[in-house]
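Structure at a glance
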Amino acid sequence: MPASANIIPNTTVVKVIELQKYANWAHLRGYFVEIRRLNNVVRCGFVDDATADSEIIWVAADANSPRQIFEKSEDYEVWIGTDASSHVSSAFPLRSTEK
């Protein structure tokens, strides 16, 4: 019996990604993030822009939500996958940031 006979057709492999809070918002342009406030997820999406002082972040519009702004002073937090946090740099975006 060939090795491929042991593969179950139509199965999905899911990779679990742990998230961690990330404070340096200025370096997240192009990354997929989770926005939380008071331990509740309020939005997920790609970072469109952030201020140099990492106090404000914009999440890009998508099919369900418009472009949205979040401020640290209003208790918002940004969470990213632990894989991404070790590579955060404008040289390694998760999607193209060219306009």
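Please refer to the structure higher up on the page.
Residues numbered from 1 in each chain as written. Predicted model: local features only at pLDDT ≥ 70, side-chain atom pairs only at ≥ 80, totals over all residues. Heavy atoms only, no water.

Bringing the overall build of the protein chain into the picture now. For the protein chain, the count of helices and strands is 1 helix and 6 strands. Along the protein chain, helices and strands appear, N-terminal first, in the series β-β-β-β-β-β-α. Going through the 99 residues of the protein chain one by one, you find that 28% of them count as buried. Restricting the contact set of the protein chain to residue pairs at least 6 apart, pairs at least 24 apart contribute 54%. For the protein chain, the exposed surface amounts to about 7000 Å²; the carbon and sulfur share of it is 52%. (Helix = DSSP H or I, 4+ residues; strand = E, 2+ residues; numbered from the N terminus. Buried < 20%, exposed > 50% of the residue type's maximum accessible area, 1.4 Å probe, protein only. Contact = heavy atoms within 4.5 Å. Areas by Shrake-Rupley, 256 points an atom, 1.4 Å probe, with all protein chains shown as cover.)

Moving on, we come to the pairing of strand β4 (residues 56-59). Burial along β4 is one-sided: the residues Ile57 and Val59 are buried and none of Ile56 and Trp58 is. Between the antiparallel neighbours strand β3 (residues 40-50) and β4 lie 5 residues, among them Ser54 with a positive phi of about 60°. Relative to strand β5 (residues 68-71), β4 runs antiparallel, the two being bridged by 4 bridges. Within β5, the position partnered with Trp58 by the bridge is Ile69. (Pairing = 2+ DSSP bridges.)

Let's shift gears to the pairing of strand β2 (residues 32-37). Taken together, the 6 bridges between β2 and β3 define a ladder with antiparallel strand orientation. By the bridge assignment, Glu34 is partnered in β3 with Cys44.

Bringing the side chain of Arg43 into the picture now. For Arg43, the position within the fold is in strand β3. The exposure class assigned to Arg43 is buried, which follows from its relative accessible area of 5%. A polar side-chain atom of Arg43 sits 2.7 Å from the main-chain carbonyl oxygen of Ala60. Leaving out residues up to four positions away in the same chain, Arg43 has contacts with Val33, Glu34, Ile35, Val59, Ala60, Ala61, Asp62, Ser65, Pro66, Gln68 and Phe70. (Polar contact = N/O pair within 3.5 Å; in protein donor to acceptor, adjacent residues only side chain to side chain.)

On to the sheet that holds β2, then. Strand order in this open sheet of 6 strands is β1-β6-β2-β3-β4-β5, and the pairing throughout is antiparallel. Each edge of the sheet is formed by a strand with only one pairing partner; in this case those strands are β1 (19-21) and β5. When strand polarity is set aside, the average angle formed by the axes of neighbouring strands in this sheet is 45°. Inspection of the sheet shows β3 paired to β4 by 3 bridges, in the antiparallel sense. Across the sheet, residue Val47 finds its bridge partner in β4, namely Val59. (Axes fitted to C-alpha atoms, helices over the stretch in contact; angles between N-to-C directions.)

So, about the packing of aromatic side chains. A ring pair, where both rings are aromatic, is described by two values, the distance of the centres and the angle of the planes. What the rule picks out here adds up to 2 aromatic pairs. Ring plane angle 75° and centroid distance 5.2 Å describe the contact between Phe32 and Phe46, whose orientation is recorded as edge-to-face. Residue Phe32 is found in strand β2, and its partner Phe46 is found in strand β3; the two are separated by 14 residues along the sequence. Phe32 gets classed as partly exposed once you look at its relative accessible area, which sits at 41%. Here Phe70 and Tyr76 contribute two aromatic rings whose centre-to-centre distance is 5.0 Å and whose plane-to-plane angle is 70°, an arrangement assigned as edge-to-face. Taking the relative accessible area as the measure of exposure, Phe70 reaches 2% and is therefore buried. Against the face of Trp79 rests Arg36, its NZ or CZ located 3.8 Å from the ring centre. In this arrangement the basic side chain of Arg37 is found over the ring face of Tyr76, its NZ or CZ atom lying 5.4 Å from the centre. (Phe/Tyr/Trp six-rings, centres within 6.5 Å; stacked < 30°, edge-to-face > 60°. Lys NZ or Arg CZ within 6 Å of the ring centre and 35° of its normal.)

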